[in-house]
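Structural overview for review
Given next are the chains, with one letter for each unit.
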Amino acid sequence: MSRRTLTLLIASVGTVVAIAVSVLVPVPYVILGPGPTLNTLGKDSSGQALITISGHPSFPTSGHLNMVTVSYQGCQGNTFNIFTALVAWLNPHEAVVPEGEICPAGQTQQQTQQQDTQQMTSSQQSATAAALTELHIPYQTQVVVVQTVPGYPAHGVLRAGDVIIAVDGKPVTSASGLSTLIYAHPAGSTLTATILRDGKTQQVQVGTKQSGGHPVMGVEITEKYKFPFDVRISVGDIGGPSAGLMFALGIIDKLTPMNLTGGKFIAGTGEIEASGKVDPIGGIQQKMIGARQAGATIFLTPASNCADAKGAVPAGLRLVSVSTLSQAVNDLEAIKAGQQVPSC
């Protein structure tokens, strides 16, 4: 066999191997694309209202306040090859990002979906709390133990599910309030915690120790809310926390005669806190594309996402920058009146 023939043979085999590897071997990336968009003032495909309010007067609504989502391909059990990644990279409506940004290492796709579902449930609770806060409708906040940390004073004293009602006789009404009460005493102090456990109120003694420059009990907590009436949000199997802003606006629109949309097609995104603060989210560019494809002409985006959104706004879509729920409500009222509002 001549040297030239051998060289061609080796090159051919190398090419075949390279093609086989590129086709068969998955790449550690995720493809993001525009996902479903749902009108929080409307109904889903089965005719179920996305937001249902009972036990309190509600008002007719019009127009759209659409939540938007991102679809993704990738992660464990849903991988793709380099050719698919290149096609997505060339598509202006899609983005290719490292797998670790969407699916943490060692976490299965099922675990990721479960986490997304939990985040959606929490988002709906926070959205209801934010809406009621904005409307000055009182509700109760409970600080609930998720778990205790081994090696810290709370371990073996407090349990998952305990509701912390007070510390040294002072009421606990928020997670930050609990921290303030603990910080008021030096590390090594023993505090009297009033808790609700299994439906019964009792007092327990919990010590503290220094950690991160502050006295701590060593307990992971979450906030849960008791609302004066029932607010139910139904979005099927969609997960994640980023629809919070639009849920809160939808609830406000239903609880008041304001008619926030003025009949317009408005979409938006943003994680929301019970205080009304709007936090940034991921996939902003794909969400804007999905909103415009659905017919939206106005898009509410967290102010912290403006850097990613600028320069990628689809034609015909007006971007509105918001940092709080109160600002979002005021901006929608201003748009309805034909006034200028902040953009990115």
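Now for a quick tour of the structure. (Residues numbered from 1 in each chain as written. Predicted model: local features only at pLDDT ≥ 70, side-chain atom pairs only at ≥ 80, totals over all residues. Heavy atoms only, no water.)

Regarding the overall build of the protein chain
- What the protein chain contains, in helices and strands, is 8 helices and 18 strands.
- When the 344 residues of the protein chain are sorted by exposure, 41% land in the buried category.
- Contacts in the protein chain between residues far apart in sequence, at least 24 positions, make up 70% of those at least 6 positions apart.
- Taken as a whole, the protein chain presents about 17,200 Å² of accessible surface, with 54% of it coming from carbon and sulfur. (Helix = DSSP H or I, 4+ residues; strand = E, 2+ residues; numbered from the N terminus. Buried < 20%, exposed > 50% of the residue type's maximum accessible area, 1.4 Å probe, protein only. Contact = heavy atoms within 4.5 Å. Areas by Shrake-Rupley, 256 points an atom, 1.4 Å probe, with all protein chains shown as cover.)

So, the packing of aromatic side chains
- The final tally for this structure, using the stated rule, is 3 aromatic pairs.
- With 5.8 Å between their ring centres and 80° between their planes, Tyr139 and Tyr225 make a pair best called edge-to-face. Of the two residues, Tyr139 sits in the loop between α3 (109–134) and β5 (140–148) while Tyr225 sits in strand β12 (residues 219–226), which places them 86 residues apart along the sequence.
- Seen in terms of ring centroids, Tyr225 and Phe227 are 5.8 Å apart; in terms of plane orientation they differ by 25°. Their pairing is stacked.
- Classification of Tyr225 as buried rests on a relative accessible area of 13%.
- When the ring centre of Tyr152 is taken as origin, the NZ or CZ atom of Lys209, which lies over that ring, is 4.2 Å away. (Phe/Tyr/Trp six-rings, centres within 6.5 Å; stacked < 30°, edge-to-face > 60°. Lys NZ or Arg CZ within 6 Å of the ring centre and 35° of its normal.)

Remarks on the pattern of salt bridges
- Within this structure, the stated rule accounts for 4 salt bridges.
- With a shortest N-O distance of 2.7 Å, Asp162 and Arg197 are connected by a salt bridge. With Asp162 in the loop between β5 and β6 (163–167) and Arg197 in strand β8 (residues 190–197), the pair connects residues that are 35 residues apart, well separated along the chain. Comparing Asp162 with Arg197, the two get one shared label, buried.
- For the salt bridge of Lys277 with Asp279, the shortest nitrogen-to-oxygen distance reads 2.6 Å.
- By relative accessible area, Asp279 is classed as buried at 13%. (Salt bridge = Lys/Arg side-chain N within 4 Å of Asp/Glu carboxyl O.)

Quick notes on the environment of Lys287
- Mapping Lys287 onto the fold places it in helix α6 (residues 284–294).
- Separated by 219 residues in sequence, Lys287 and Val68 have C-alpha atoms that sit 5.7 Å apart.
- Within the structure, Lys287 has its side chain in polar contact with the side chain of Ser242 (distance 2.8 Å).
- In terms of polar contacts, Lys287 uses its side chain to reach the backbone carbonyl oxygen of Gly282, at 3.3 Å. (Polar contact = N/O pair within 3.5 Å; in protein donor to acceptor, adjacent residues only side chain to side chain.)

Focus: α6
- Buried residues of α6: Ile284, Gln286, Lys287, Met288, Ile289, Gly290 and Ala291, and no others.
- Just past α6, the residue Gly295 takes up positive phi, approximately 120°.

Thoughts on unusual backbone geometry
- For Asp198, which is not glycine, the phi dihedral falls at a positive 55°.
- Its location among the elements puts Asp198 in the loop between β8 and β9 (200–207).
- Given a relative accessible area of 71%, Asp198 falls into the exposed group.
- Its identity is not glycine, yet Asn259 carries a phi of approximately 55°, on the positive side.
- With respect to the helices and strands, Asn259 occurs in the loop between α5 (244–255) and β14 (265–268).

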